[in-house]
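What follows is each chain in one-letter form.
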Amino acid sequence: MWRIRFHDGTLVVEGGDIEHLPVGFRSDDRIGHPRGPAWLYPQVITAARAFQISYTDESQKYTRLDGITACATRTPREYQREAVDTWHQAGRRGAVVLPTGSGKTFVAELAIAETARATLVVAPTLDLVGQWHDRLKTAFGCPVGMLGGGHHEVEDITVSTYDSAAIHMGRYGDRFGLLVFDEVHHLGAPGYLSAAAASIAPYRLGLTATWETDAEREDALTEIIGDVVYEKTITELSGEFLADYETVRIQVQLTPDEHTRYTEARAQFSAFIKAKRIPLGSPRGWQTFLRHAAQSKAGRAAFQAYQESRKIAHGTEQKLNVLSDLLQSEHKRRTLVFTHDNETAYKVSKQFLVPCISHQTDIKERRAILSAFEEGILPVIVTSRVLNEGVDMPAAEVAIVLSGTGTVREHVQRLGRILRPGDNKQAILYEIVAADTAEMRTSSRRRRHDAYR
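Residues numbered from 1 in each chain as written. Predicted model: local features only at pLDDT ≥ 70, side-chain atom pairs only at ≥ 80, totals over all residues. Heavy atoms only, no water.

*Asks:* What is the right way to look at the nonpolar core in this model?
*Replies:* Burial of nonpolar side chains together is a common tendency in soluble globular proteins. If you look at the biggest cluster of nonpolar residues, it comprises 59 residues, and the most contacted ones within it are Leu136, Ile381 and Met393. Ranked by the residues each element gives to this core, the list is headed by helix α3 (residues 104-115), at 7 residues. The residues touching Ile381, leaving out its near neighbours within four places in the chain, are Thr335, Leu336, Val337, Pro355, Ile357, Ile369, Leu370, Phe373, Leu387 and Met393. (Core = buried A, V, L, I, M, F, W, Y, C linked by side-chain atoms within 4.5 Å. Buried < 20%, exposed > 50% of the residue type's maximum accessible area, 1.4 Å probe, protein only. Helix = DSSP H or I, 4+ residues; strand = E, 2+ residues; numbered from the N terminus. Contact = heavy atoms within 4.5 Å.)

Okay, here's the thing in structure tokens:
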């Protein structure tokens with residue numbers, strides 16, 4: 001007979017033998033019993049039944065949420081209903097990929113109500129945790145716990161940051177039957193993935209607008225939460241469920257002085273790359289460059305030259321001239337200006353007298369700015385990357401991208417900020433790019449998505 005119990009993010013199976021247990025269990029000589037990661041709990045139960053082994057389950061501490069229902073006044077859209085049904089058919093495990101503004105939170109509400117098990121919702125930022133907390137409390141009319149930002153209250157429905165989940169899952173990993181991971185692409189980070197592995201929750205739902213990840217991280221994610229079970233793109237939902245939109249790329253020229261400085265910096269960087277025969281186009285090319293750059297004075301100079309070339313391309317005065325024209329032409333519409341770095345964001349804030357939100361902006365000030373933006377009191381906000389994902393900004397209509405990374409995810413997230421539907425809303429994203437620089441290649445990479453075709 002097996003005795004299954006939860007201990008600090010793991011499962012101990014007293015009386016068990018390795019050959020009957022899932023891969024991942026090892027004999028723990030300290031206690032004389034097999035031990036394995038907690039996420040294998042469903043497989044352990046399945047194995048016991050398959051081998052007709054009697055067992056006592058002392059690991060399951062999560063409760064049923066009897067009588068809980070999703071918001072009765074709101075009818076799911078067809079694709080939201082399809083997403084939940086497909087997730088159920090996949091064993092209530094897997095990821096749902098839907099564009100920003102399409103109602104992923106309501107999909108989670110439906111999943112929570114229909115699964116009816118104690119639930120932990122995990123989100124990447126305190127702003128998002130606050131949004132989830134308020135939304136779930138309103139939807140279900142019950143106490144909602146919170147982990148993170150100085151809060152430590154655990155209820156049958158609890159919301160946590162990824163960081164707090166990583167810290168506390170060893171303690172509460174037997175407390176929840178359903179895990180919901182908002183912006184689930186964050187889960188691929190090793191510390192966060194180990195937190196997900198420390199929970200026995202048999203039911204898992206990942207939510208994201210962009211399932212872009214490397215093969216190694218994707219394998220780890222799908223093992224812990226399941227495959228992508230449902231997906232709709234921006235182009236499929238725009239017009240009916242999302243705002244109509246267009247994207248415009250504007251090329252600007254560097255000034256003669258900027259062009260000279262840019263060319264010199266890129267030449268120094270490229271010479272080092274060539275001398276060390278570093279294949280920048282390979283998956284590990286950038287890491288290889290950083291390793292070489294740290295080993296010599298010439299390498300450090302090459303890295304500084306690379307940084308200087310990016311700074312010139314990202315912050316050219318011609319971009320700010322175009323930005324001035326766009327702010328004038330779009331002055332009656334709520335506008336978000338995105339930069340890659342805080343320095344440029346602060347420069348825009350000072351020059352155009354618009355509020356800036358960065359990672360240094362405290363929560364109260366951030367909420368005050370966002371509230372004023374929604375009300376139209378402050379119609380323009382400049383930000384570096386902290387508003388890329390998660391923040392609910394239904395009034396936003398225009399996005400102006402001055403600079404960013406080459407990732408598809410970031411670009412789609414920025415587009416998603418302006419796609420919340422509204423009466424006769426026509427959203428537009430402007431991307432301002434320095435011509436004849438590496439930024440053109442960066443722009444081409446980040447536009448490799450159906451939303452830009």
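*Asks:* What exactly am I supposed to notice about unusual backbone geometry here?
*Replies:* Most peptide bonds take the trans configuration, and most residues that are not glycine carry a negative phi. Even without being glycine, Gln52 reaches a positive phi, approximately 55 degrees. Within the secondary structure, Gln52 sits in the loop between α1 (41-50) and β5 (55-57). Using a relative accessible area of 74% as the deciding quantity, one classes Gln52 as exposed.

*Asks:* So what exactly am I meant to see when it comes to the sheet that holds strand β17 (residues 380-383) here?
*Replies:* Pairing between the strands of a sheet comes from backbone hydrogen bonds, and it takes one of two forms, parallel or antiparallel. Read across the sheet, 6 strands follow the order β14-β19-β18-β15-β17-β16 without closing on themselves; strand pairing throughout is parallel. The sheet is open, and its two edges are formed by β14 (244-252) and β16 (356-357), each paired on a single side. Sheet analysis places strand β15 (residues 335-338) next to strand β18 (residues 398-401), joined by 4 bridges and oriented parallel. Looking at the pairing, Thr335 lines up with Val398 of β18. In the packing of helix α12 (residues 317-329) onto the sheet, the strands contacted are β14, β15, β17, β18 and β19 (426-434), and the crossing angle to β19 comes to about 165 degrees. (Pairing = 2+ DSSP bridges. Axes fitted to C-alpha atoms, helices over the stretch in contact; angles between N-to-C directions.)

*Asks:* Looking at this model, I keep getting lost on a negative patch on the surface. Mind explaining?
*Replies:* A contiguous patch of negative charge on the surface is contributed by Glu218, Asp219, Glu223 and Asp227. Among the structural elements, Asp219 can be located in helix α7 (residues 215-225). Look at Asp219 and you get exposed, because its relative accessible area is 53%. (Patch = residues over 30% accessible without salt bridge, like charges linked within 9 Å, V, L, I, M, F, W, Y side chains within 5 Å. Areas by Shrake-Rupley, 256 points an atom, 1.4 Å probe, with all protein chains shown as cover. Salt bridge = Lys/Arg side-chain N within 4 Å of Asp/Glu carboxyl O. Lys, Arg positive; Asp, Glu negative; His and termini not counted. Charge placed at Lys NZ, Arg CZ, Asp CG, Glu CD.)

*Asks:* It is not clear to me how helix α10 (residues 285-293) should be interpreted in this structure. Could you clarify?
*Replies:* In an α-helix, one turn spans 3.6 residues; hence positions three or four apart end up facing the same way. Every buried residue of α10 is listed here: Gly285, Thr288, Phe289 and Ala293. Down the axis of α10, the buried side of the element spans an arc of 135 degrees, and every buried residue falls inside it. Considering only its buried residues, α10 is in contact with α9 (256-276) and α11 (297-315). (Arc of directions from axis to C-beta.)

*Asks:* Is there a simple way to explain a nonpolar patch on the surface in this structure?
*Replies:* Together, Leu280, Trp286 and Leu290 line one region of the surface with nonpolar side chains, adding up to about 230 Å² of accessible area. Its place among the elements puts Trp286 in helix α10. Under the relative-accessibility criterion, Trp286 is labelled partly exposed at 31%.

*Asks:* I'm lost on the pattern of salt bridges in this one. Help?
*Replies:* Two side chains carrying opposite charge are able to pair once their charged atoms lie near each other. Across all of its chains, the model carries 19 salt bridges by this definition. For Glu58, the salt bridge goes to Arg3, with nearest N and O atoms at 2.9 Å. Placement of Glu58 in the loop between β5 and α2 (78-89) and of Arg3 in strand β1 (residues 2-7) is noted, with a sequence separation of 55 residues between them. Residue classification places Glu58 among the partly exposed positions, given a relative accessible area of 33%. Where Asp66 meets Arg64, a salt bridge forms, and the shortest distance between an N and an O atom there is 3.7 Å. Given a relative accessible area of 66%, Asp66 falls into the exposed group. A network of salt bridges, in which partner residues are shared, links Arg3, Arg5, Glu14 and Glu58.

*Asks:* Where do I start with the packing of aromatic side chains in this structure?
*Replies:* Two aromatic rings are characterised by how far apart their centres lie and by the angle between their planes. Scanning the entire structure with this criterion turns up 8 aromatic pairs. With a centroid separation of 5.1 Å and an interplanar angle of 45 degrees, the aromatic rings of Phe269 and Tyr306 are classed as tilted. Of this pair, Phe269 sits in helix α9 while Tyr306 sits in helix α11, placing them 37 residues apart in sequence. The buried category is assigned to Phe269, whose relative accessible area is 3%. For Tyr306, a relative accessible area of 14% translates into the label buried. With 5.1 Å between their ring centres and 40 degrees between their planes, Trp286 and Phe289 make a pair best called tilted. Taken as a pair, Trp286 and Phe289 lie in helix α10 at a separation of 3 residues, close to a single helical turn. Taken together, the ring pairs connect Phe269, Phe272, Trp286, Phe289, Phe303 and Tyr306 into an aromatic cluster. It is Arg175 that lies over the ring of Phe176; its NZ or CZ is 5.8 Å from the centre. (Phe/Tyr/Trp six-rings, centres within 6.5 Å; stacked < 30°, edge-to-face > 60°. Lys NZ or Arg CZ within 6 Å of the ring centre and 35° of its normal.)

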